[in-house]
Amino acid sequence: MELDISVVLNIHRESSFILRTIKSLNEAAAFAKYEGIHSELVVVFDRSDDLVRTMAKGANFSGFEAVRYVEADHGSLGPARNTGIAAAKGVYVWLADADDLVSYNCISAMHKMAETNPNSVVFPEYLVAFGDAYWVAKYFNDSVVETADFVYGHPYISRIFLRRDIFADLQFDDLRLTQGFAFEDWHLNCELRARGFNFLVAPKTVFFYRQRKGSLLKEANAVSARQIPNASLFDPIKLTRLVTAEKLHKLGDSGPLNSKESARRGNSKEQLLADITCMEMVYAAIQIDPGINLWKIINSGSWSNIFPDQHWGHDYVTACSVVGEGAFTDIVLLPWLNAGGGERFVLDVLHSLAAETEDFRCLVISGEFAAQHEWLDRLPAGAVFIDVVNLFPALDDDERDQLVLRLVLATSVQSGRLHLKSSPFALRWLSRFSTCIRPLSPIYYRFCDEVIWLNKVPVTLGQGFGFLSDEIEKLSLVITDHQKIVDHDIEKIGVFSDKWQCIYAAVTPSEASAFRVVLSGRKLLWASRLCPQKRPELLPKIIAAARERIPDLHICVFGSIENVVSYERLFDANGLSYSGPFNQFEDVNPHEYDALLYTSAFDGLPNIILEAMSCELPVIAPDVGGIAEAIQDGETGFLVKNYGDEDQLVKAYVDAILRLYADPDRTRAIANTAKELINSRHNVGAHRKIVRQLFIDKERP
């Protein structure tokens, strides 16, 4: 006799539930047998105990033509399902778990639906959750459920009914309980969707889903990142084609839209209670398991698999159309792509990688708000840029983070590089998904921790350090632009010290010298962002004190203002003027100034200092972060002690200004030595060499 159906029942240690589960399945098999449909039961004991084996084998199986037992040692639902499917002999397989019940018409109704709709996967129409929690869900077919819904969430359940031969080249993933991925059923359904399967529901069938403490689903929700691995469906080209075909199919047909609106307006619970056939199925299930409480069903909540008309799954489709075809060797997560030392540093690494790698291709994703991205033209040739904040303004951080995860997993090459510049976006994203991105190599760029002064004492706000402390084991490299922070982190953390690597920023040597310390018309340059970190509020005090000794001194300020209100009276001071933002160092005409005056509360090794040194513009800067690795006082510049007392700090700056002008010949020698340091340590060739060693040669066997 040819078997029509193989019911694959996975059992672990559900001894107190198993008799009711088998009785429910047996009644469904007997009802189908009456209609000429022949079923077998494949019982998979996955690390089961003797008690549940004894209980299961002693049950009544009269509705089935055959019962077979398979022993497995997986401890994971996906592989256990694969084992049962491999042992099945029926034309169709239907999956079952050891603590749930089904309406007795399920097998016959689902078989009929599958027979009349080839290339389909079939589900029950209703789900009644019972036990620790009660609700009623109604499932609709894919005439109203969209492909984008499979990206956003799981619109169906794990109890799939489909042809067994489909599993010849398709299996469940092994997504055992970890901090990483989960939901092997959602993942498999995405693969089926990618293959063009229709998703149908068998009318008037009911699945009774037991809610209990310690269930796999509850544990998966609590432990995992609540995400599935990459699936074929998420490939940008495949998904775009599927969605386009879906839209063309529905174009001009108002039926699906009307059906979706009607489905959304309906109340799943009320529809179940009003359906005579469905309620007959509920009463029959209660006869098997009196723990199904009708009164609680009547007073329960309602759900359906009709998702919102617009959600981040649709936005992911849009993102796929932006990203296009082809995989990326390098994916970069930045807050934005505006003029800034950190962004410049990452861009230089990308350019060195592009020069050293034949197949280099990068995707740059910005994840924080920016009115514009000033440095798009600085991306390597062929780079793709996507701003997920401005492109999808209706999404919140959680939704955008999920969208970015799907992009990263779907578009990166196997074992590709993932670059993350320190920012709230990167820290939040990697903390959440660090367990989900293997085998990608996450490379974290770290420049400094925020510092504030309290009672004249510097206090570090170590958000970046705390992140490293938590995630260092999952990072491949921690890249810095100076050695001091490397030594600091290794001293504090003490392990994985080989992951920290200092790459000094690349600086293109200047052809001309900007040196011009003069006796009259004295001008200093200040160029940076006007924000609390850079301490522009010191400038009025510095210029006022300095003009007591050098009356004609002037400080010209360049940079974008982050908060206009905070600095609207800043330039009322005599000798202080604002000349607007700048895009690159050449824009400020450094040859018009006697020196770069730099202020900052905390920093790495600022690029503006290196560029000034490269064109022999003397630098006056504070001893914060890695600045002392470039500015040795009296040798390559004028290093200001970082006093906690503001009056002392201002005096130290003024003393440095006086030293600058006191001996022009000595200042010229300092500027020349500074340029030599930049040319030897920060040249492009040296930069490419260390990038090749750390990013490329390290990956080769």
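The structure contained in this document is the topic of the report that follows. In this convention, every chain numbers its residues from 1, walking through the sequence in written order. Local features in a predicted model are, by the rule used here, given only for residues with pLDDT of at least 70; side-chain atom pairs are given and counted only at 80 or more, and totals for whole chains, interfaces and linings are based on all residues. Hydrogens are left out, water is left out, and the side-chain values use all remaining heavy atoms of the structure.

## Structural notes on the overall build of the chain
Working step 1: Numbering goes from the N terminus for both helices and strands, where a helix is a DSSP run of H or I of at least four residues and a strand is a run of E of at least two. Looking only at helices and strands, the chain features 23 helices and 25 strands.
Working step 2: When the backbone C-alpha atoms are referred to their principal axes, the chain occupies close to 110 × 50 × 50 Å.
Working step 3: Residue burial in the chain is summarised as follows: out of 701 residues, 57% are buried.
Working step 4: Intrachain contacts of the chain at a sequence separation of at least 6 include 76% that bridge at least 24 residues.
Working step 5: Positive residues here are Lys and Arg, negative ones are Asp and Glu, while His and the chain termini are left out of the count. By convention, the charge on Lys lies at NZ, on Arg at CZ, on Asp at CG and on Glu at CD. Across the chain, the centroid of the 71 positively charged side chains sits 2 Å from that of the 92 negatively charged ones. Relative accessible area decides the class of each residue, using a 1.4 Å probe on protein chains only: under 20% of the type maximum gives buried, over 50% gives exposed, and in between gives partly exposed. Any pair of residues with heavy atoms lying within 4.5 Å of one another is described as a contacting pair.

## Observations regarding the environment of P551
Working step 1: One can find P551 in the loop between α19 (539-547) and β21 (554-558).
Working step 2: As for P551 and R522, which are separated by 29 residues in sequence, their C-alpha atoms are 9.4 Å apart.

## Things to note about the sheet that holds strand β23 (residues 595-597)
Strand pairing within a sheet occurs via backbone hydrogen bonds; the two strands may be parallel or antiparallel.
Working step 1: Spatial strand order, β22-β21-β20-β23-β24-β25: six strands in an open sheet with parallel pairing. Each edge of the sheet is formed by a strand with only one pairing partner; in this case those strands are β22 (576-578) and β25 (638-640). Between one strand axis and the next, the sheet turns through 25° on average, direction left out of account.
Working step 2: Sheet topology note: the β21/β22 ladder contains three bridges and is parallel. Looking across to β22, one finds that C556 is bridged to S577. Between any two strands, pairing holds if DSSP finds at least two bridges. Interaxial angle, 0 to 180 degrees, is taken between N-to-C directions of lines fitted to C-alpha atoms, where a helix line uses only the stretch in contact.

## Looking at the sheet that holds strand β12 (residues 362-366)
Working step 1: Read from one edge of the open sheet, seven strands run β13-β12-β11-β14-β15-β18-β19, paired in parallel fashion. Edge positions in the sheet fall to β13 (384-387) and β19 (500-502), since each has one partner strand and no second. Ignoring strand direction, the axes of neighbouring strands in this sheet form an average angle of 20°.
Working step 2: Relative to β13, β12 runs parallel, the two being bridged by four bridges.

## Remarks on the pairing of strand β4 (residues 92-97)
Working step 1: With six of six residues buried, β4 is to be regarded as a mostly interior element.
Working step 2: Burial of the side chains of β4 extends over both faces: Y92, W94 and A96 are buried on one face and V93, L95 and D97 on the other.
Working step 3: Relative to β4, strand β1 (residues 5-11) runs parallel, the two being bridged by six bridges. Note on β4: the bridge partner recorded for S6 is V93.

## Topic: the packing of α19 against helix α21 (residues 646-662)
Two measures define how a pair of helices packs: the angle their axes make with one another and the distance between the axes.
Working step 1: Where α19 meets α21, the axes come as close as 9 Å, and the angle between the chain directions of the two elements is 55°. Here α19 lies oblique to α21, going by the angle between them. The handedness of the crossing between α19 and α21 comes out as right-handed. Contact with α19, carried on its side by K541, I542, A545 and A546, involves E646, V650, Y653, V654 and I657 of α21 and no other residues of that element.
Working step 2: Any residue that is not Ala, Val, Leu, Ile, Met, Phe, Trp, Tyr, Cys, Pro, Asp, Glu, Lys or Arg is counted as polar, Gly included; the first ten are nonpolar and the last four charged. The residue inventory of the contact of α19 with α21, partitioned by class, reads seven nonpolar, no polar and two charged. In these notes the angle categories are as follows: under 35 degrees is roughly parallel, over 145 is roughly antiparallel, 65 to 115 is roughly perpendicular, and the rest is oblique. Crossing handedness follows the turn of the near helix against the far one: under a right angle anticlockwise gives a left-handed crossing, and clockwise gives a right-handed one.

## Observations concerning the side chain of D481
Working step 1: The topology assignment puts D481 in the loop between β18 (477-480) and α18 (483-493).
Working step 2: Just to be clear on terms, a salt bridge is a Lys or Arg side-chain nitrogen sitting within 4 Å of an Asp or Glu carboxyl oxygen. In this structure D481 is buried but unpaired, with K534 as the nearest side chain of opposite charge at 9.4 Å.
Working step 3: Polar contacts, as counted here, are pairs of nitrogen or oxygen atoms within 3.5 Å of one another; within protein the pair requires one atom able to donate a hydrogen and one able to accept it, and residues that are adjacent in sequence qualify only if both atoms are side-chain atoms. A distance of 2.7 Å separates polar atoms of two side chains, one belonging to D481 and the other to H482.
Working step 4: In this structure the side chain of D481 is engaged in a polar contact, spanning 3.0 Å, whose partner is the backbone nitrogen of L605.

## Digging into the pattern of salt bridges
Working step 1: Per the stated rule, a full pass over the model turns up 47 salt bridges.
Working step 2: Linking D97 and R159 is a salt bridge whose minimum nitrogen-to-oxygen distance equals 2.7 Å. Here R159 lies in the loop between α5 (147-152) and β8 (161-163) and D97 lies in strand β4, a separation of 62 residues in the sequence. Comparing D97 with R159, the two get one shared label, buried.
Working step 3: Note that K204 and D275 form a salt bridge whose closest N and O atoms lie 2.6 Å from each other. Separated by 71 residues along the polypeptide, K204 in strand β9 (residues 198-211) and D275 in the loop between α10 (268-274) and α11 (276-288) bring together distant segments of the chain.

## With respect to the packing of aromatic side chains
Working step 1: For Phe, Tyr and Trp, where Trp contributes only its six-membered ring, two rings pair if their centres lie within 6.5 Å, and the inter-plane angle classes them as stacked under 30 degrees, edge-to-face over 60, or tilted in between. Counted according to the given criterion, the structure contains 22 aromatic pairs.
Working step 2: Ring centres 5.0 Å apart and planes at 65° place the aromatic pair F150 and F199 in the edge-to-face group. Pair noted here: F150 is in helix α5 and F199 is in strand β9, with a separation of 49 residues, a long-range link.
Working step 3: Among the residues examined, F150 registers a relative accessible area of 0% and is labelled buried.
Working step 4: Measuring from ring centre to ring centre gives 6.1 Å for F183 and W186, while their planes differ by 35°; the resulting arrangement is tilted. Taken individually, F183 and W186 each receive the classification buried, so the pair is uniform in this respect.
Working step 5: Ring pairing ties together the aromatic residues F123, Y139, F150, Y152, Y156, F199, W303, F307 and W312, which thus form one cluster.

## Focus on the side chain of S423
Working step 1: Mapped onto the secondary structure, S423 falls in the loop between β14 (412-421) and α16 (424-433).
Working step 2: Residue contacts for S423: discarding those within four places in its chain leaves P335 and E368.

## A closer look at the nonpolar core
Working step 1: To define a nonpolar core, start from buried Ala, Val, Leu, Ile, Met, Phe, Trp, Tyr and Cys residues and group those joined through side-chain atoms within 4.5 Å. Within the largest apolar cluster, 131 residues are counted, with the highest numbers of intra-cluster contacts made by W94, Y316, I365 and W429.
Working step 2: Per-element accounting of this core gives the leading share, seven residues, to helix α15 (residues 397-411).
Working step 3: Ignoring sequence-local partners within four residues, the contact set of W429 consists of L333, D401, V404, L405, V408, L418, L420 and I437.
Working step 4: Formed by 56 residues, the second largest nonpolar core is a distinct cluster that contains L353, V364, C556 and Y593.

## Regarding the pairing of strand β6 (residues 120-131)
Looking along a regular strand, one sees side chains alternate from face to face of the sheet.
Working step 1: In terms of residue burial, β6 counts as a mostly covered element, since eleven of its twelve residues are buried.
Working step 2: With four bridges joining them, β6 and strand β7 (residues 135-138) adopt antiparallel strand pairing. Among the inter-strand pairings, L127 is bridged to a residue of β7, identified as A137.

## Notes on unusual backbone geometry
Working step 1: With omega at 10°, the peptide bond leading from R438 into P439 counts as cis.
Working step 2: Mapped onto the fold, P439 is located in the loop between α16 and β15 (441-445).
Working step 3: Of note in this structure, R47 is not a glycine but carries a positive phi near 55°.
Working step 4: With respect to the secondary-structure elements, R47 resides in the loop between β2 (39-46) and α2 (50-57).

## Quick notes on the environment of N141
Working step 1: Of note, N141 is situated in the loop between β7 and α5.
Working step 2: When the C-alpha atoms of N141 and V121 are compared, they prove to be 10.0 Å apart, with 20 residues separating the residues in sequence.

## Observations regarding α15
Working step 1: What a helix should span is 1.5 Å times the count of its residues minus one. In this model α15 runs 21 Å from its N-terminal to its C-terminal C-alpha over 15 residues, within 8% of the 21 Å that 1.5 Å per residue would give.
Working step 2: Here α15 lies mainly inside the structure; twelve of its 15 residues are buried.
Working step 3: Taken together, the buried positions of α15 are occupied by R400, D401, Q402, L403, V404, L405, R406, L407, V408, L409, A410 and T411.

Shape descriptors only; they carry no functional weight alone.
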